[in-house]
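The chain contents come next:
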Amino acid sequence: MNAVGQPISRVDGRLKVTGGARYTADIPLQAIVHAAMVYSTIANGRVAAIDSTAAEDAPGVLVVLTYKNMPRMNQLAWSHLRPQGQTYLPLQDDRIYYSGQPIALVVAATLDQATHAGTLIKVAYESSSPAVFDRRTAKEDAVEPPQRMWPLSSSVGDADEAIARADVRIEQTYTLPDRHHNPMEPHVTLAVWDDAGTLTLYDSTQMVVGTRKLVSLVLGIAEDKINVVCEFLGGGFGGKSWSWPHTLLAAVAAKVVNRPVRLQLSRAQMYSMVGHQAATVQTIALGATRDGKLIGIRHDSVNPTSVFDDYVEYAAMVSRHLWRASGGIATSHKVVHVNRNSPVVLRAPMEAQGHFALESAMDELAYATGIDPVGLRLGNDTDTDPYSGRPFSTRALRECLTKGAARFGWDKRAPEPRSMRDGRYFIGQGVAAAIFTHWRWPGKARVTLNSDGSALVEAAAHDIGTGTYTVMAQVAADTLGLALDRVAVRLGDTRLPESHPAIGSSTVANATAAVMLAAKAAREKAMELALTGRDAPFAGAAPGDVIVGDGRLSLVRMNQNITYAELLARNELSNLVGDGNYDPVEEIKGLKAIFSFSAVFAEVRVDPELGLVRLNRFVGAYDAGRIINPKTARSQAIGGIIWGAGQALLEQSETDPASGQFINRNYSGYLVPTNADIPELDVLFVGGFDEEASPLGAKGLGELTAVSVAPAIANAVYHATGKRVRDLPITIEKLL
Ligand code: MOS
């Protein structure tokens, strides 16, 4: 009967596989016209002259917008309270700060006409050589930016003193490349103004509510005159969690031409007109006793950012929280300003980069001390968050390590590098642990019980592809005592109750908690009617005696019941509405430190002549609290492991140092894993109900599963080959 805890298939699965799910670009709008962007081919300088007359005269063209005739927008300072992916606004002046920056927008009757007209625009530049990121000089070039989300540096105890007096020291630099999100669904905005001056944006976004707010501020439109809609996403991975210039351009263009406008980014444009993950250069120093007890950790990270924004990739954050170090832990973050667009979060921001450095260094410490890598980690486990001094709400990291090791068969591993073989291949086995930030965010939801006894769940939250429609239906069904197929869910529209974005792997714990509260409110109203309403069937009974199930209310121990449908009919009501307002204590003010945990185990085989790394098998053990739906959760884990395998072995966005341009700009130049790359993936959930994390007992899961895959693979590669690769991805040439 209970839907929660069951491996329920996606309620939107049929819609998706039959093409019934409308993704943003698929939405048909009457009389829509098409916009095409023209972008700069230089990375630093200014537009000296731009001539758009030929474009304006081209067939089908309605308008050509450049900085000369583009309506002005409101420049905002950066704030973490606003979801602005980049503060530099498009087509407002002649400056060029990055290659691929929009310099003109053509609106025409067809996309081909708009694209063709764009090629007729003549641009002359004044160009200077661009500042590009150089990992070799990153530390000298780095500056301390203003603080963003969290303190840039931290110090508990005296890490440097502890490391200096340690028996065993590891000090290494780990580098990770820029990466792009590359969701299958491109970014797209459809903008429509109605006669009353209301703007509706159909936008591929992880954040309808935030997009409305940002558009309101930048374009000076009241929030109640803006609707933002996104019912389905074809992947986002963080790239769609903030608003980007093209959404603003589409809104303005639609106003200028007084027609609905469709602006879809090409795959190549998605390498410069929306964010990416910044490269990091991370230095780790570990000091430990001879028996492998950490006494000091220092972790410093530098990342490139645009010249106009201080995006900080908080890679060293993980070292503040994961392991105990008796003498002290210090971390810092700096940035290098270069001519590129602003970076942004990418699944899993901070943690996936930081753990590569920390958990590679821990593996190096294991070899330096001669202690088994699993045992080394068990020996440095902690019940208390070293940074805040608060106890962890729940921390099943020990179970992740021990149960994961048992499932993997870690006890059969021969510890020496190059000691395990399968024919001509070297076999390597590696482990890495992870800690992942759990977010507590407010959200609202509404649950409506209909006269036919069905229910509707509504919230301006998102299903980014993870299964939100399904888990919300499960939670509402159980709370109301309805069958799952009697519950419908509507998401992704600012006209629905305000909720939080699909970021930080937070939706099950927070937005779905609001659904539970809303369903409870609706249930209580129904109980009230059953006790005191017209012709009340349970008159005189106590509220605590009423239970729900099978679409009806029943009196405990009595053979008396009434369906929701009958109850509403008897009271001449067309529906009953329950409102949910989940308002958790902010994490920072909580009594407990709340994080998710994992331990992951990789086995690789390496071809010694070719340097080719193949993944043989993988075990992931996760503590994400209570698992609401083991099937969608397992799908998250599989996706996360594959994502991490890409980080480990394939993904890198390359910058041409002369032009400052990202040069991959297509799936053909940016490798991601395919089915043939992925072996058996074994997934275990070892956590339990975490009452501090969420009323549902759940902690964040999705992005956790993408964390520590890369170090587990890198550690396995070291075990196989004796070669320590500290620079991702682990490509063939690094092993020859
Ligand atoms: Mo995720 S990178 O927090 O959308």
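Residues numbered from 1 in each chain as written. Predicted model: local features only at pLDDT ≥ 70, side-chain atom pairs only at ≥ 80, totals over all residues. Heavy atoms only, no water.

Colleague: Before we move on, can you summarise the packing of aromatic side chains with the specific residues and values?
Modeller: Tallied over the full model, the rule gives 19 aromatic pairs. Ring geometry for Y367 against Y718: centres 4.8 Å apart, planes inclined by 70°, an arrangement best described as edge-to-face. In this pair, Y367 is assigned in helix α9 (residues 351-369) and Y718 in helix α16 (residues 709-721), connecting sequence segments 351 residues apart. Look at Y622 and F685: their rings are 6.1 Å apart centre to centre, the planes differ by 40°, and that puts the pair in the tilted class. Taken together, the positions of Y622 in strand β26 (residues 613-623) and F685 in strand β27 (residues 680-685) put the pair 63 residues apart, joining distant regions of the chain. With a relative accessible area of 0%, Y622 lands in the buried category. Each member of the aromatic cluster is reached from another via a ring pair, and the members are Y88, Y97, Y98 and F308. (Phe/Tyr/Trp six-rings, centres within 6.5 Å; stacked < 30°, edge-to-face > 60°. Helix = DSSP H or I, 4+ residues; strand = E, 2+ residues; numbered from the N terminus. Buried < 20%, exposed > 50% of the residue type's maximum accessible area, 1.4 Å probe, protein only.)

Colleague: So what's going on with the sheet that holds strand β10 (residues 199-203)? Residues and values would help.
Modeller: The mixed open sheet is built from seven strands, whose spatial order is β3-β5-β1-β12-β9-β10-β11. Strands at the two margins of the open sheet, each flanked by one partner only, are β3 (61-65) and β11 (226-229). Taken over all neighbouring pairs, the strand axes of this sheet differ in orientation by 20° on average, direction set aside. In the sheet, strand β1 (residues 33-39) pairs with strand β5 (residues 102-108) via six bridges, with the strands oriented antiparallel. Counterpart to A35 in the pairing with β5 is V107. The strands that helix α6 (residues 208-219) touches are β10 and β11; relative to β11, the one it contacts most, it runs at about 145°. Of the strands in this sheet, β1, β3, β5, β9 (188-193), β10 and β12 (261-264) touch helix α7 (residues 245-257), which is tilted by about 30° from β9. (Pairing = 2+ DSSP bridges. Axes fitted to C-alpha atoms, helices over the stretch in contact; angles between N-to-C directions. Contact = heavy atoms within 4.5 Å.)

Colleague: Give me helix α3 (residues 111-119): which residues, what numbers.
Modeller: Those residues of α3 that sit buried are A114, A117 and G118. Down the axis of α3, the sector holding all buried residues measures 105°, keeping them to one side. Structural note: α3 exposes D112 and T119 on the side pointing more than 90 degrees away from its buried face. Summarising the contacts, the buried residues of α3 are in contact with β1, α2 (53-57), β3 and β5. (Arc of directions from axis to C-beta.)

Colleague: Any chance you could break down unusual backbone geometry for me, citing the residues and the numbers?
Modeller: For the bond from R347 to A348, the omega torsion is -10°, close enough to zero to count as cis. Take A348: it is sitting in the loop between β15 (328-337) and α9. Omega for the peptide link from L728 to P729 comes to -5°, which places this bond in the cis form. Tracing the backbone through its elements, the reader meets P729 in the segment after α16.

Colleague: Tell me about the sheet that holds strand β6 (residues 122-127), and please be specific about residues and values.
Modeller: Read across the open sheet, the three strands follow the order β4-β2-β6; overall the sheet is antiparallel. With partners counted over all chains shown, the strands left at the sheet margins are β4 (95-96) and β6, one partner each.

Colleague: Give me the lowdown on the environment of L152, citing residues and values where you can.
Modeller: Locating L152 in the fold gives a position in the loop between α4 (138-141) and β7 (154-157). Along the chain, L152 and T331 lie 179 residues apart, while their C-alpha atoms are 7.9 Å from each other. The contacts of L152, once residues within four sequence positions are left out, are E144, P145, P146, Q147, V312, Y314, R320, T331, S332 and H333.

Colleague: Describe the nonpolar core, with residues and values.
Modeller: Counting residues in each nonpolar core, the largest one holds 84 residues, and the members touching the most others are L286 and I713. If we skip the residues at most four places from it in the chain, L286 touches I163, V168, R169, I170, L294, G296, I297, L358, A361, M362 and L365. By size, the runner-up hydrophobic cluster in this structure holds 49 residues, among which are L76, I226, W244 and L248. (Core = buried A, V, L, I, M, F, W, Y, C linked by side-chain atoms within 4.5 Å.)

Colleague: Please give an account of the pattern of salt bridges that cites residues and values.
Modeller: Overall, the coordinates contain 32 salt bridges when judged by the stated rule. Where D493 meets R490, a salt bridge forms, and the shortest distance between an N and an O atom there is 4.0 Å. Judged by relative accessible area, which is 35%, R490 ranks as partly exposed. Two residues, D623 and K699, come together in a salt bridge whose shortest N-O distance is 3.0 Å. Of this pair, D623 sits in strand β26 while K699 is found in the loop between β27 and α16, placing the two residues 76 residues apart along the sequence. (Salt bridge = Lys/Arg side-chain N within 4 Å of Asp/Glu carboxyl O.)

Colleague: Provide a residue-level description of the pairing of strand β24 (residues 575-582), including the pertinent values.
Modeller: Alternating positions in β24 separate cleanly, L576, G578, G580 and Y582 being buried on one face and N575, V577, D579 and N581 remaining unburied on the opposite face. Relative to β24, strand β18 (residues 443-450) is paired through eight bridges, and the arrangement is antiparallel. Pairing of A445 across the sheet is with G580, part of β24.

Colleague: Give me a nonpolar patch on the surface: which residues, what numbers.
Modeller: The grouping of M184, Y667 and V672 at the surface amounts to a nonpolar patch, some 300 Å² of accessible area in total. Locating Y667 in the fold gives a position in the loop between α15 (630-649) and β27. (Patch = residues over 30% accessible without salt bridge, like charges linked within 9 Å, V, L, I, M, F, W, Y side chains within 5 Å. Areas by Shrake-Rupley, 256 points an atom, 1.4 Å probe, with all protein chains shown as cover.)

Colleague: An account of the side chain of Q269 is requested, with residue identities and associated values reported.
Modeller: Checked against the element boundaries, Q269 lands in the loop between β12 and β13 (280-288). Here M37 takes part through its backbone oxygen, which lies 3.5 Å from a polar atom of the side chain of Q269. Residue contacts for Q269: discarding those within four places in its chain leaves M37, Y39, Q264 and V274. (Polar contact = N/O pair within 3.5 Å; in protein donor to acceptor, adjacent residues only side chain to side chain.)

Such coordinate-based values are descriptive only and should not be taken to indicate function.
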